[in-house]
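For reference, the chains in residue letters:
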Amino acid sequence: KIYSASTTAPVNIAVIKYWGKRDPKLNLPTNSSLSVTLSQADLRTHTTATCSAFFPAQDSLLLNGQLQDVSGARTQACFRELRSLRAKLEEQDPQFPKLSRYPLRIVSENNFPTAAGLASSAAGFAALVRAIADLYQLKESPVELSRIARQGSGSACRSLFGGYVAWEMGQEASGTDSTAVQVAPAEHWPEMQALILVVSAAKKGVSSTAGMQATVATSSLFPARVASVPQRMEDMITAIKEQNFESFGRLTMKDSNSFHATCLDTEPPIFYLNDVSRAAIRVVEDINKKAGKIVAAYTFDAGPNAVIYFEEKSTDAVAGVFKERLGHLEGWTGKGESIRASATE
Ligand code: DP6
């Protein structure tokens with residue numbers, strides 16, 4: 001018999017960034033973070049987990065048709081935690097088939113280019129953890145599963161929820177209190193939209209894992225950033241609760257710039273933004289100037305691609321101007337590869 005479960009998990013884009021680990025093994029962060037989960041229809045990973053006593057002994061993971069290495073500590077940590085929860089169920093009820101002892105076969109597909117640096121690890125590990133949790137019929141809540149997904153990739157813990165999601169850094173050395181929670185569902189702010197500008201589909205130069213370690217070790221600006229996050233988290237949660245786009249936008253841009261400033265302050269410096277990214281920043285500045293208030297907000301992860309948040313009512317002022325202004329720039333991949341995603345789930 002082959003047991004099987006399928007699920008999908010969407011990409012999330014942080015507006016208060018996770019950058020820095022206090023424990024690299026458990027992916028415990030130096031600050032809390034907050035993200036918006038994009039809609040399932042736009043960017044997501046679809047994952048099927050199967051297991052059977054008759055599978056060859058090794059666990060396997062196929063991503064977009066390519067066999068991946070599952071021997072890494074992160075994947076192993078997720079498998080181990082999920083298996084041990086299943087084993088508990090099997091102990092409690094001897095009728096339960098001993099799935100925890102069977103080899104796992106995971107098949108994942110992204111509906112977007114993996115190499116584009118679009119937070120694929122977040123959706124990937126969130127889908128992997130939930131697919132196996134479903135396969136094992138675990139009763140754990142999404143908050144509890146987020147603790148496991150975090151060990152796969154820090155940002156993955158936020159992709160187990162839709163809408164607005166906080167990852168609370170926690171204090172415990174064991175990481176039990178470092179989990180994600182939903183701040184508000186997507187329906188709370190239906191006007192919210194995200195426009196993703198694929199500036200470059202090339203794989204990023206410095207991985208986020210390596211980059212944040214270097215920043216923690218060498219940047220003297222970094223402690224100031226960490227100290228400023230708690231207040232910004234609080235203000236961001238208030239902005240979301242009140243659907244205050246001006247405040248949401250101001251905080252989003254400030255946090256992205258603060259994060260990239262610590263990257264530049266890293267030795268050797270890390271440059272994630274390029275000329276096209278900076279042109280996108282100028283376009284947003286111009287849009288906001290023309291509107292006389294903040295109607296668009298940019299944010300950048302560990303790469304040059306821009307994510308622009310705006311409200312539906314500002315679509316013409318924002319998306320229209322972007323097409324007009326950046327369409328001719330070298331490095332802008334053009335209509336076919338720009339992705340308009342609604343920031344709802
Ligand atoms: C800039 O979650 O990819 O996107 O925990 O090492 O897998 P690991 O890092 P990862 O880092 C994401 C960094 C970021 C900001 C964010 O998503 O909060």
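Residues numbered from 1 in each chain as written. Predicted model: local features only at pLDDT ≥ 70, side-chain atom pairs only at ≥ 80, totals over all residues.

**Student:** Can you help me understand the pairing of strand β9 (residues 104-110) in this one?
**Tutor:** The side chains of a regular strand alternate between both faces of the sheet. Judged by which residues are buried, β9 turns out to be one-sided: L104, I106, S108 and N110 face inward and are buried, whereas R105, V107 and E109, on the alternate face, are not. Bridge count for strand β6 (residues 44-51) against β9 is 7 bridges, and the pairing is antiparallel. Within β9, the residue paired with C51 across the bridge is L104. Bridging between strand β7 (residues 60-63) and β9 involves 4 bridges; their strand directions are parallel. (Buried ≥ 20, exposed ≤ 12 C-beta atoms within 10 Å, placed from the backbone. Helix = DSSP H or I, 4+ residues; strand = E, 2+ residues; numbered from the N terminus. Pairing = 2+ DSSP bridges.)

**Student:** I keep staring at the nonpolar core and nothing clicks. Help me out?
**Tutor:** Proteins that are soluble and globular tend to have nonpolar side chains buried together. In terms of nonpolar packing, the biggest core is built from 89 residues, with A126, V129, I132 and I308 touching the most fellow members. When residues of this core are assigned to their parent elements, the largest contribution, 11 residues, is made by helix α2 (residues 120-135). Leaving out residues up to four positions away in the same chain, I132 has contacts with A49, L82 and L104. (Core = buried A, V, L, I, M, F, W, Y, C linked by C-beta atoms within 7 Å. Contact = placed C-beta atoms within 7 Å.)

**Student:** How should the sheet that holds strand β1 (residues 3-10) be read in this particular structure?
**Tutor:** For sheets, the rule is that strands pair by backbone hydrogen bonds, running either parallel or antiparallel. The 5 strands are arranged β1-β6-β9-β7-β8 in an open sheet whose pairing can be described as mixed. The open sheet terminates on both sides in strands that have one partner only, identified here as β1 and β8 (66-68). Taken pair by pair, the neighbouring strands of this sheet meet at an average axis angle of 20°, ignoring direction. (Axes fitted to C-alpha atoms, helices over the stretch in contact; angles between N-to-C directions.)

**Student:** What exactly am I supposed to notice about the sheet that holds strand β2 (residues 12-16) here?
**Tutor:** Pairing in this open sheet of 4 strands is antiparallel, and the strands run β2-β5-β10-β11 from one edge to the other. The sheet terminates laterally at β2 and β11 (179-184), the two strands that pair on one side only. Put simply, the sheet's adjacent strands are angled 35° from each other on average, direction ignored. In this structure, strand β10 (residues 164-168) lies alongside β11, joined through 5 bridges in antiparallel fashion. Opposite V165, over in β11, you have Q182 as the bridge partner. Set on the sheet, helix α5 (residues 222-241) makes contact with β2, β5 (33-37), β10 and β11; between it and β2 the angle comes to about 115°.

**Student:** Looking at this model, I keep getting lost on the environment of R105. Mind explaining?
**Tutor:** With respect to the helices, strands and loops of the structure, R105 is situated in strand β9. Classification of R105 by C-beta neighbours within 10 Å gives partly exposed; the count is 19.

**Student:** How should I be thinking about α2 in this particular structure?
**Tutor:** The end-to-end C-alpha separation of α2 is 22 Å, in line with the 22 Å expected for 16 residues at 1.5 Å each. α2 sits mainly inside the fold: 15 of its 16 residues count as buried. Once α2 finishes, Q137 follows within two positions and takes phi at roughly 55°, a positive value. (Expected span 1.5 Å × (residues − 1).)

**Student:** Would you take a moment to explain unusual backbone geometry for this structure?
**Tutor:** Leaving glycine out, the prevailing phi sign among residues is negative, and the prevailing peptide bond configuration is trans. Between E267 and P268 the backbone carries a cis peptide bond, its omega angle lying at -10°. Along the polypeptide, P268 turns up in the loop between α6 (245-264) and α7 (275-291). Residues other than glycine seldom take positive phi values, yet N27 does so here, at roughly 55°. The backbone phi angle of Q243 is positive, close to 50°, even though this residue is not glycine. Within the element layout of this structure, Q243 appears in the loop between α5 and α6.

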